[in-house]
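# Observations on the model geometry
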Amino acid sequence: MTLNPASHPPAYPSATPPALIQLREVEKTYGGRAGSNAVTALHTITLDVPKGAILGVIGRSGAGKSTLIRLVNGLEQPTRGQVIVDGVEMSALDERALRHERRAIGMIFQHFNLLARRTAFDNVALPLEIAGASRAEIKARVMPLLDLVGLADKARRYPAELSGGQKQRVGIARALATNPKVLLSDEATSALDPETTEQILTLLRRVNAELDLTILLITHEMSVIKSVTDRVAVIDGGRIVEEGPTFDLFTRPQHPTTRSFVSSITGNELPAHLASRLSAKPLAGSQVLVRLTFTGGDASQPFLSVLTRKLDIDLGIIQGNVDYIGGHPFGTLVVSTPADQNCLQALTDASRDLGLHVEVLGYVA
Ligand SMILES: Nc1ncnc2c1ncn2[C@@H]1O[C@H](COP(=O)(O)OP(=O)(O)OP(=O)(O)O)[C@@H](O)[C@H]1O
């Protein structure tokens, strides 16, 4: 039995090695026949998931996340465009070829989707049975997988006897059974408490590194994106509005939806009583609010005292936060200072000299 079937030739030749998952101008429209209204869930999505990366797609309810992930494993067909996994155009396969290709794609789910009447061992064995593995092959494969996910002592337990985190570990072992190249994660930690979520995300990082597994995960939680992903795509109304390295998106969000996701976790949003008083133009005697963002090595600098000493100005601290993304410090500080144009320019120049990102938020009387 081949657990890791050889791929078909690439759909088209390419000078640079292609990403492991490629979506090319993919559109998905549901319905529209027999009098039902058509719903376009995805509009012209183009996305690359590099080999070995963990890419997260984040979006609100109804943004199109599930549709996107279901297109990658061929559970849905695109209305237009191409979905290519490891050089194979999933959207062009018939049912039989699709079943074969799906062995190279593991998937984990929010509610684990384990079979209640099967033990942990037999749940992990299921994809191998379907692939036609012998009993000996199954035994040789399943126990090391249960060991990998930390459940070697729970092989004979039924799902009802396992905690949520343990069930998801079984789900991960099952997803890895056919030695896939790709792991798809559909809100896999949404039903778990924060501590268990962290443990499962750590396990995903480990399998990503040890098995060189490419992971595409969808989530509505920015904390998941922050903990585990290398890259992130933000989806809104069926469109990818921003995509890039996770650290960049956190530190320099461009699109309003990305900003809103980032502020939901970094506490970047101004308190409501202050935000409602913010004016775009200076008023007599007003203060200007400035957000200073520091990243990487800059975070350890005593930049606030450097600025006040250098400029001889008073800075009030309105809000501050330091966070870590992929082990790199990322901090924001909102300060107030008199709304004098020279003073503001001096603060901006000196902050930039210190490697800080400067954003004028507005003026308060
Ligand atoms: N089978 C279907 N038939 C018709 N419309 C659908 C179908 N599946 C999804 N949709 C619609 O497509 C849009 C995107 O749905 P999708 O489930 O992909 O979003 P989502 O981001 O995963 O949302 P959630 O986080 O709530 O699961 C929604 O407007 C939804 O109502």
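Thresholds, definitions, all that
- Residues numbered from 1 in each chain as written.
- Predicted model: local features only at pLDDT ≥ 70, side-chain atom pairs only at ≥ 80, totals over all residues.
- Pairing = 2+ DSSP bridges.
- Helix = DSSP H or I, 4+ residues; strand = E, 2+ residues; numbered from the N terminus.
- Axes fitted to C-alpha atoms, helices over the stretch in contact; angles between N-to-C directions.
- Contact = placed C-beta atoms within 7 Å.
- Core = buried A, V, L, I, M, F, W, Y, C linked by C-beta atoms within 7 Å.
- Buried ≥ 20, exposed ≤ 12 C-beta atoms within 10 Å, placed from the backbone.
- Expected span 1.5 Å × (residues − 1).
- Domains from an automatic or database assignment.

Consider a sheet: its strands pair through backbone hydrogen bonds, and that pairing is either parallel or antiparallel. Pairing is mixed in the open sheet, where six strands are placed in the order β6-β7-β8-β3-β9-β10. On the outer flanks of this sheet lie β6 (105-109) and β10 (239-245), each paired with one strand and no other. Taken pair by pair, the neighbouring strands of this sheet meet at an average axis angle of 15°, ignoring direction. Here strand β9 (residues 231-236) runs beside β10; their pairing, made up of six bridges, is antiparallel. Residue pairing for β10: Asp236 is matched across the bridge by Arg239. Here helix α5 (residues 164-176) sits on the sheet and contacts β6 and β7 (182-186); the angle it forms with β6, its principal contact strand, is near 165°.

So, about the nonpolar core. Within the largest apolar cluster, 74 residues are counted, with the highest numbers of intra-cluster contacts made by Val85, Val124, Val182 and Leu216. Look past the residues within four positions of Val124 in its chain and what remains in contact with it is Val142, Leu145, Leu146, Val170, Ala173, Arg174 and Ala177.

Attention now moves to α5. Between its first and last C-alpha, α5 extends 18 Å over 13 residues, near the 18 Å set by a 1.5 Å rise per residue. For α5, the tally of buried residues reaches ten of 13 residues, placing the bulk of the element in the interior. Looking at α5, one finds that the buried residues are Lys167, Gln168, Arg169, Val170, Gly171, Ile172, Ala173, Arg174, Ala175 and Leu176. Contacts made by the buried residues of α5 are with β6, α3 (120-130), α4 (135-148), β7 and α6 (194-210).

This next bit is on the domain arrangement of the protein chain. Per the domain assignment, the segments of the protein chain are domain 1 (21-264) and domain 2 (270-364). Here the C-alpha centroids of domain 1 and domain 2 sit 39 Å apart. Contacts between the two partners involve five residues from domain 1, matched on the other side by six residues from domain 2. Ranked by residue count, the leading element in the side of domain 1 that touches domain 2 is helix α8 (residues 246-251), at four residues.

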